[in-house]
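Remarks on the overall topology
The primary structure of each chain is shown beneath.
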Amino acid sequence: MKLLARYNRVNLITTIVIMLITGFAYYQAISSVLTRQKNKDLEDEEMEIFEYVALNHSLPQTFETKHQQIAFSEAKPNSIKRKFVDTVYFKKWDKHNPKRNRYHATGDYEPGRGLISSVTVADKYYKIEVIESKVETEDLLQVIFYITIGVIILLLMILFATNRLILNRLWKPFYGLMQELKVFNIADPATIPKINTSIDEFKDLNAVVTDMTAKAKTDYLALKNFTENASHELLTPIAVINSKLDTLIQTDNFSEWQSKLLSDLYSGVSRLNRLNQSLLLLVKIENRILQDQQLINLRELVEEMVMQFEEIFHDKELQLTYKLDEKAIYANRYLIEILISNLITNAIRHNYVGGEIIIHLTNESFVIQNTGENFPLPGEKIFTRFHKSSGSEGSGLGLTISRQICENFNLGLNYRYSAPYHNFIITFPAQA
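A few points on the structure. (Residues numbered from 1 in each chain as written. Predicted model: local features only at pLDDT ≥ 70, side-chain atom pairs only at ≥ 80, totals over all residues. Heavy atoms only, no water.)

The next thing to look at is the pattern of salt bridges. Considering all chains together, one arrives at 11 salt bridges under this definition. Residue glutamate 46 pairs with arginine 82 through a salt bridge whose shortest N-O separation is 2.8 Å. Within this pair, whereas glutamate 46 is found in helix H1 (residues 3-56), its partner arginine 82 is found in the loop between strand E1 (68-74) and strand E2 (83-92), the two being separated by 36 residues in sequence. With a closest N to O distance of 2.9 Å, arginine 113 and aspartate 86 form a salt bridge. With arginine 113 in strand E3 (residues 107-121) and aspartate 86 in strand E2, the pair connects residues that are 27 residues apart, well separated along the chain. (Salt bridge = Lys/Arg side-chain N within 4 Å of Asp/Glu carboxyl O. Helix = DSSP H or I, 4+ residues; strand = E, 2+ residues; numbered from the N terminus.)

This part covers empty space enclosed by the protein. Across all of its chains, the model carries two cavities of 30 Å³ or more by this definition. Together, Leu298, Val302, Ile329, Ile336, Leu339, Ile340, Phe366, Leu411, Ile426 and Phe428 line the largest cavity. At the level of elements, helix H6 (298-308) and helix H8 (333-349) are the ones that each hand at least two residues to the lining of the largest cavity. If you tally residues by element for the lining of the largest cavity, the top one is H8, at three residues. Considered class by class, the residues forming the lining of the largest cavity number 10 nonpolar, no polar and no charged. (1 Å grid on protein atoms, 1.4 Å probe; cavity = no way out; pocket = protein on both sides within 12 Å on 5 of 7 lines; lining within 4 Å. Points joined across faces, edges and corners; volume = space filled by probe spheres on them. Nonpolar A, V, L, I, M, F, W, Y, C, P; charged D, E, K, R; others polar.)

Cis geometry is found at the peptide bond from alanine 419 to proline 420, where omega equals 5 degrees. Its location among the elements puts proline 420 in the loop between strand E10 (412-418) and strand E11 (421-427). With a phi angle near 60 degrees, aspartate 123 is a residue other than glycine that sits in the positive phi range. Among the structural elements, aspartate 123 can be located in the loop between E3 and strand E4 (124-133). Although it is not a glycine, asparagine 410 adopts a positive phi angle of roughly 60 degrees. On the accessibility criterion, asparagine 410 (58% relative accessible area) is exposed. (Buried < 20%, exposed > 50% of the residue type's maximum accessible area, 1.4 Å probe, protein only.)

This is a description of form; function is not addressed.
Okay, here's the thing in structure tokens:
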């Protein structure tokens, strides 16, 4: 989930919760104020009744208004406790009122607020019931509730739109910097441009990223120069040793023991030369120095590579079977040749005399199967540097270079054992 979407979600949820709590508290506060006002009106009516009784020594005449009812009834002395109650108000319908209720021919019930009190008149104890309709109060609360809900919805809509517009604009420099990092190439001399923003945090981020990439380029150039220089420096003494060994081998009068020593030296120098070239190639691949790409017909390329290894297949009496479909990829031809050569060489080197090699090219994958040891290899470990089986004459970098080439061109390289075959599978990316 993107940061902006996460922020909007948290912000909206928090705002909704706060608004609901605030709206509920506001509703309760308004309801309490209106109830207190209604209680005050009831107390005023009670006070008028007390004043009338004190002045006339009799109960006032019971009467009803549109929104108020007063009733008196005899009760046992001191049996009434003064209190406010929520009750119902029975409203009698006016015979001329067109809204006569069909279920109540003479009236209808409405929510009401009542005051129960008592008064003594001529040694008689009376219960007082004063009830007022709460319809207008309820209507007012509903209006307030709907207005509050409307304000909340409008505020959320404005807040959501504002967040999308303002935050998208505020985060634009960040996304611009992210895009620059996505296309950043350590071998490219171009630097990350300075972003135009007034946000201090983004300015600091831009400065840190610029310094970091500049240091990475400096370290890369230093490593590149060191690798190239070391490789060239090694080539000279290796070439000298090879030349001297060639001259020495051509001379006569060597014992069998001396000839074996010279042969071992010659073999060691050759391996050292191959190792030096492999390490230099691996550094170039990892740093994406070999960037020239073209459309490659894999079927034709594999056929060429198979022909180059034909004599080796014959010498080791290997049975080769291959089926090649049409497939083209966009990559560096030199690196793809190395990739295929490494996999074929690996299948030959770890096979036995009279073994079998199967090559299969489809639109989805390129698979090389070979017989060999009757047990699986140690999974991903075979793709690590300098990993090789005991007795192997390889440098231990062939599969590492192959995996790195595949990663450079978004290809997958995996190993699977399915008796009796060791399978190396290159998977091609799905075509859009």
